[in-house]
Amino acid sequence: MSYGPDLFKLWRDAATYFDKIFNGTKPEDIPIELPSTPELAINLRSAKGVGLAIPKSLLVRADRVIE
């Protein structure tokens, strides 16, 4: 189980920063953006492997469930 920023969105944002820098924008002129929403991911295969039962209420709230 992990709770943190969406890593795919972070990579997309990094590509946008690189594009701006390569097109001539000075790095100090680019505003810093923090991740806006965290993501809850649950790996059911790993949970079952160690004998953990994940409640349905938590699975419903998860952004991503890995089976």
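Criteria and cut-off values
Residues numbered from 1 in each chain as written. Predicted model: local features only at pLDDT ≥ 70, side-chain atom pairs only at ≥ 80, totals over all residues. Heavy atoms only, no water. Helix = DSSP H or I, 4+ residues; strand = E, 2+ residues; numbered from the N terminus. Buried < 20%, exposed > 50% of the residue type's maximum accessible area, 1.4 Å probe, protein only. Contact = heavy atoms within 4.5 Å. Areas by Shrake-Rupley, 256 points an atom, 1.4 Å probe, with all protein chains shown as cover. Salt bridge = Lys/Arg side-chain N within 4 Å of Asp/Glu carboxyl O. Phe/Tyr/Trp six-rings, centres within 6.5 Å; stacked < 30°, edge-to-face > 60°.

**Points about the overall build of the chain**
Scanning the chain from N- to C-terminus turns up 3 helices and 3 strands. When the helices and strands of the chain are listed from N to C terminus, the series reads β-α-β-α-α-β. When the backbone C-alpha atoms are referred to their principal axes, the chain occupies close to 55 × 20 × 15 Å. Evaluated residue by residue, the chain yields a buried proportion of 16% over its 67 residues. Long-range contacts, defined here as pairs at least 24 residues apart, represent 45% of the contacts in the chain between residues at least 6 apart. Of the accessible surface of the chain, which amounts to about 5,700 Å², a share of 60% is contributed by carbon and sulfur atoms.

**Regarding the pattern of salt bridges**
Across all of its chains, the model carries 2 salt bridges by this definition. Notably, a salt bridge pairs Lys 9 with Asp 13, separated by 3.0 Å at the nearest N-O pair. Separated by 4 residues within a single helix, Lys 9 and Asp 13 lie in helix H1 (residues 7–22), roughly one turn from each other. Classification of Lys 9 by relative accessible area gives partly exposed; the value is 37%.

**Comments concerning the packing of aromatic side chains**
Ring pairs (aromatic) are described by centroid distance and by the angle formed between their planes. On inspection of all chains with the given rule, the structure shows 1 aromatic pair. Considering the side-chain rings of Phe 18 and Phe 22, the 6.5 Å spacing of their centres and the 25° angle between planes classify their relative orientation as stacked. In this pair, Phe 18 and Phe 22 are both assigned in helix H1, 4 residues apart and thus about one turn of the helix distant. Take Phe 18: its relative accessible area is 49%, and that puts it in the partly exposed class. In this structure Phe 22 comes out as exposed when scored by relative accessible area, which is 71%.

**Considering the environment of Ala 47**
Relative to the helices and strands, Ala 47 resides in helix H2 (residues 44–49). In this structure, the C-alpha to C-alpha distance between Ala 47 and Ile 21, residues 26 residues apart in sequence, is 42 Å. Not counting residues within four places of it along the chain, the set of residues in contact with Ala 47 comprises Leu 52 and Ile 54.

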